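Listed below, chain by chain, are the residues.
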Amino acid sequence: MSSAQQFEFKTEIKQLLDIITHSLYTSREIFLRELVSNASDALDKLRFEQNRSAEIVSPELDLQISITSDEEKRELVIADTGIGMTQDELVDNIGTIARSGSAEFIRQAMADQGNSSNIIGRFGVGFYSVFMVADKVTIRTRSFRPGAKAVEWTSDGLGTYTVAELDEDLPRGTSITVHLKEDGKEFAEQHRITSIIKKHSNFISFPILVQGEKANTVPALWRENKFSVTPEQYAEFYKFLTYDHEEPLDTLHLSVDAPVQFSALAFVPPRSQDAFGFDRDNYGLDLYVRRVLIQSKNKDLIPEYLGFVRGVVDTEDLPLNISRETLQENLLIRKIAQTLTKQILSHLKKLGQDKDRYATFWKEHAKRFKLGYADFANQEAFGELLRFNSSRHEDKDGLISLDEYIEAAKDGQKEIYYISGPSREAIEQNPHLEIFRTKGLEVIYLYEPVDEFVMDSLRKFKEFELKATENADITNIEKFADSAEKKDKPEELSKEESKDMDRFLKRVQEILGDRITEARISKRLSQSPSCLVSPDGSTSQMHKIMQMVTKDSSIPKKIFEINQDHKLVRNLLSVFAKNEQDDFVATVVEQLYESALLMDGYLADPHKMVQRLNRLLEDSSDWYKERGAK
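Residues numbered from 1 in each chain as written. Predicted model: local features only at pLDDT ≥ 70, side-chain atom pairs only at ≥ 80, totals over all residues. Heavy atoms only, no water.

A few points about the pattern of salt bridges
Then, in step 1: One pass over the full model with this rule turns up 36 salt bridges.
Then, in step 2: The shortest N-O distance in the salt bridge between R192 and E29 comes to 3.3 Å. One end of the pair, R192, is in helix α6 (residues 190-200); the other, E29, is in the loop between α1 (11-22) and α2 (30-51), with 163 residues separating them in the sequence.
Then, in step 3: Look at E29 and you get buried, because its relative accessible area is 12%.
Then, in step 4: A salt bridge links E152 to R140; the nearest nitrogen and oxygen atoms lie 2.7 Å apart. Note that E152 is positioned in strand β5 (residues 150-155) and R140 in strand β4 (residues 134-142), a separation of 12 residues in sequence. The same class applies to E152 and to R140, which are both buried.
Then, in step 5: The network of salt bridges with common partners includes E29, E186, R192 and K199. (Salt bridge = Lys/Arg side-chain N within 4 Å of Asp/Glu carboxyl O. Helix = DSSP H or I, 4+ residues; strand = E, 2+ residues; numbered from the N terminus. Buried < 20%, exposed > 50% of the residue type's maximum accessible area, 1.4 Å probe, protein only.)

Given below as structure tokens:
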């Protein structure tokens, strides 16, 4: 060995090393990711030299990374057969690593000492992360260039380092010997090393041998030609990635060159990982840069409503070392996310052609997917992927798309009608559905609060307006012929009865007072005696959701509509005609109003209603007894 030269780090570098050595202790395992990434880069550079037919020392050497350890000595050695370095390159590279952005690194590190994994590498100090676990590091390297001498670099990370040329005939490449601190001895254990490789560096394209055994055993399928990958390989990779025992419902393999370059392998799981909505924030795709894991579950790569998708994204356009803060600000990440979102939506549209498989997808992932109502940039594609239960189905398991609704629409129909309720049974008892049933118009059934936001956000699908049944313009519906003859329709009101009805409506308004905005004859009812209609166009369901948000328990003022053809209303009109102030009229009107409130979900206190109903039953039982039970 030639005489070693000793160098002293600059003041900034001493500060940097002091922070790394004594402060940054979270995710200390990333030092191995950094060293393996550097080794992989060295091998890539050598391969480039090979491809351009440069003269190379020991061309027969396999391109690989070898990791050996000695637990007793607390030593770890990471060696590669890559491009290696000359003495000048070694001083320049290690010096550059230490100098590049070090002042800003120190500022960030002092502000956030608990997040080493976020800031190590951001300012080119990835190599120095080794001093989180080492009290001494030795680099021995030989350049690929013929005639280049081997060089050794040694430092304890406390302020100085030495560099010396070696007389030994070392093989081409670089080996880094790490003498571990007492509290870092776990990193000499083979199983610990292997687990770190599998977590961070599993898809490095070169073999990584740990104590002679290959640790990176799963191929980076996303970098392969998708036409050469078998379904079995995709399934195996999915199970490796997710720990799921089932095969994926669907697979998306992408290689994109424009507007950004990246590869992606994404899967639609067969089961929701968030059945009860408690783990909704646990989503994202694994981000790789040149096969090296940079961040698990990166949320910026995929919108929340597609968070059920699992997979990886790999790009060569990002720097290998980049922090999470930088990722969030990175324009490239946003472009990848935009492209990926469009591709996933397009792929789901193809999946929709298989109704059975799409029904499985919808059953498992619809709750999360519906959150896409706020993605205005992809609103049309989102709308095409929605599925609903409707009045055409026999039970709640049937599904149709909005396109299928339009295909079955009546001639001249320009609206898609929907209605909300807690269950199919509740919806089918809703008075607002009656005219649509009479006219044979299909109505979409909504069962979840988010459905209201979906409809309110879409507003229109293709040339059709989305319209709630309770807010539909009745004149648009009346133009359609009845699908079946109305049964037991009473005779038209006589002129005298019509006059009585006008006065009766005024009496209803008088009885209910400012609890309603207006009392009027209904054109939408055929079976129910009355209903409430919102005067401002909002639906009852949306209004109740907003009340929950604002903690408002008041009952909204609505229009009170009366079905003049209903037998109860006709009987009530007869009583009214004889005595406009009859208590029975007031009692029944109150009952009809509170019944309508109950149907709309606004009757918070039913005590008065029950007491009134019991009184009416008592009176009717007396009448029935006097009439004579049959």
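After presenting the structure, the write-up continues.
Things to note about the packing of aromatic side chains
Then, in step 1: On inspection of all chains with the given rule, the structure shows 28 aromatic pairs.
Then, in step 2: Their ring planes at 40° and their centres at 5.0 Å tell us that W222 and Y288 sit as a pair that is tilted. On the criterion of sequence distance, the pair formed by W222 in the loop between β9 (213-214) and α7 (231-242) and Y288 in strand β12 (residues 285-289) is long-range, its members being 66 residues apart.
Then, in step 3: In textbook terms, an aromatic cluster arises when at least three aromatic residues are bridged by ring pairs, as seen for F203, W222, F237, Y238, F240, F267 and Y288.
Then, in step 4: Between the NZ or CZ atom of K299 and the centre of the ring of Y283, over which it lies, the distance is 5.5 Å. (Phe/Tyr/Trp six-rings, centres within 6.5 Å; stacked < 30°, edge-to-face > 60°. Lys NZ or Arg CZ within 6 Å of the ring centre and 35° of its normal.)

Let's talk about helix α20 (residues 583-600)
Side chains that are three or four residues apart share a direction in an α-helix, a result of its 3.6 residues per turn.
Then, in step 1: Between the first and last C-alpha of α20 there are 26 Å, a value that for 18 residues agrees with the 26 Å anticipated at 1.5 Å per step.
Then, in step 2: By the burial criterion, the buried members of α20 are V585, T587, V588, V589, E590, Q591, L592, Y593, E594, A596, L597 and D600.
Then, in step 3: Positive phi appears at G601, one or two residues downstream of α20, with a value of about 85°. (Expected span 1.5 Å × (residues − 1).)

Topic: the nonpolar core
Then, in step 1: By size, the foremost hydrophobic cluster in this structure holds 68 residues, and its most contacted members are L306, V313, L348, F361, F369, I416 and I444.
Then, in step 2: A42, V137, A188 and F206 belong to the second largest nonpolar core, which has 48 residues in total. (Core = buried A, V, L, I, M, F, W, Y, C linked by side-chain atoms within 4.5 Å.)

Regarding the environment of F388
Then, in step 1: Take F388: it is sitting in the loop between α11 (379-385) and β15 (389-390).
Then, in step 2: Here F388 falls in the buried class, since its relative accessible area comes to 5%.
Then, in step 3: Between the C-alpha atom of F388 and that of V443, which follows or precedes it by 55 residues, the distance is 9.9 Å.
Then, in step 4: If we skip the residues at most four places from it in the chain, F388 touches H393, G398, L399, I400, L402, I444, L446 and M455. (Contact = heavy atoms within 4.5 Å.)

Remarks on the packing of α20 against helix α21 (residues 607-627)
Then, in step 1: Running from amino to carboxyl end, α20 crosses α21 at an angle of 135°, the nearest separation of the two axes being 10 Å. Classified by the interaxial angle, the pair formed by α20 and α21 is oblique. For α20 against α21, the interelement crossing comes out left-handed. Mapping the contact onto sequence places F584, T587, V588, E590, Q591, E594, S595 and L598 in α20 and K608, M609, R612, L613, R615 and L616 in α21.
Then, in step 2: Its residues assigned to classes, the contact of α20 with α21 shows six nonpolar, three polar and five charged. (Axes fitted to C-alpha atoms, helices over the stretch in contact; angles between N-to-C directions. Parallel < 35°, antiparallel > 145°, perpendicular 65-115°, else oblique. Left-handed = near helix turned anticlockwise from the far one by under 90°. Nonpolar A, V, L, I, M, F, W, Y, C, P; charged D, E, K, R; others polar.)

Focus on α7
Then, in step 1: Over its 12 residues, α7 extends 16 Å from the first C-alpha to the last, a length consistent with the 16 Å expected when each residue adds 1.5 Å.
Then, in step 2: Of the residues making up α7, those classed as buried are Y234, A235, F237, Y238, L241 and T242. The arc that holds the buried residues of α7, viewed along the axis, is 165°, so those residues lie on one side. Looking at α7, the residues exposed on the side facing more than 90 degrees away from the buried face are E232 and E236.
Then, in step 3: Buried residues in α7 make contact with β10 (250-256), β11 (262-268), β12 and β14 (310-315).
Then, in step 4: Directly after α7, the chain includes Y243, whose backbone phi takes a positive value near 65°. (Arc of directions from axis to C-beta.)

Observations regarding the sheet that holds strand β16 (residues 415-420)
Then, in step 1: Spatial strand order, β15-β17-β16-β19-β18: five strands in an open sheet with mixed pairing. Each edge of the open sheet carries a strand with a single partner, namely β15 and β18 (460-461).
Then, in step 2: Strand direction decides the pairing type here: β15 and strand β17 (residues 443-446), joined by two bridges, are antiparallel. Following the sheet pairing, N389 is matched in β17 by Y445.
Then, in step 3: Against the sheet, helix α15 (residues 449-458) makes contact with β16, β17, β18 and β19 (464-468), and its axis sits at roughly 135° relative to β17, the strand it touches most. (Pairing = 2+ DSSP bridges.)

Points about the side chain of T242
Then, in step 1: Mapped onto the elements, T242 comes out in helix α7.
Then, in step 2: Among the residues examined, T242 registers a relative accessible area of 13% and is labelled buried.
Then, in step 3: A polar contact of 2.8 Å, which involves the side chain of T242, links it to the backbone oxygen of Y238.
Then, in step 4: A polar side-chain atom of T242 sits 3.2 Å from the main-chain amide nitrogen of D244. (Polar contact = N/O pair within 3.5 Å; in protein donor to acceptor, adjacent residues only side chain to side chain.)

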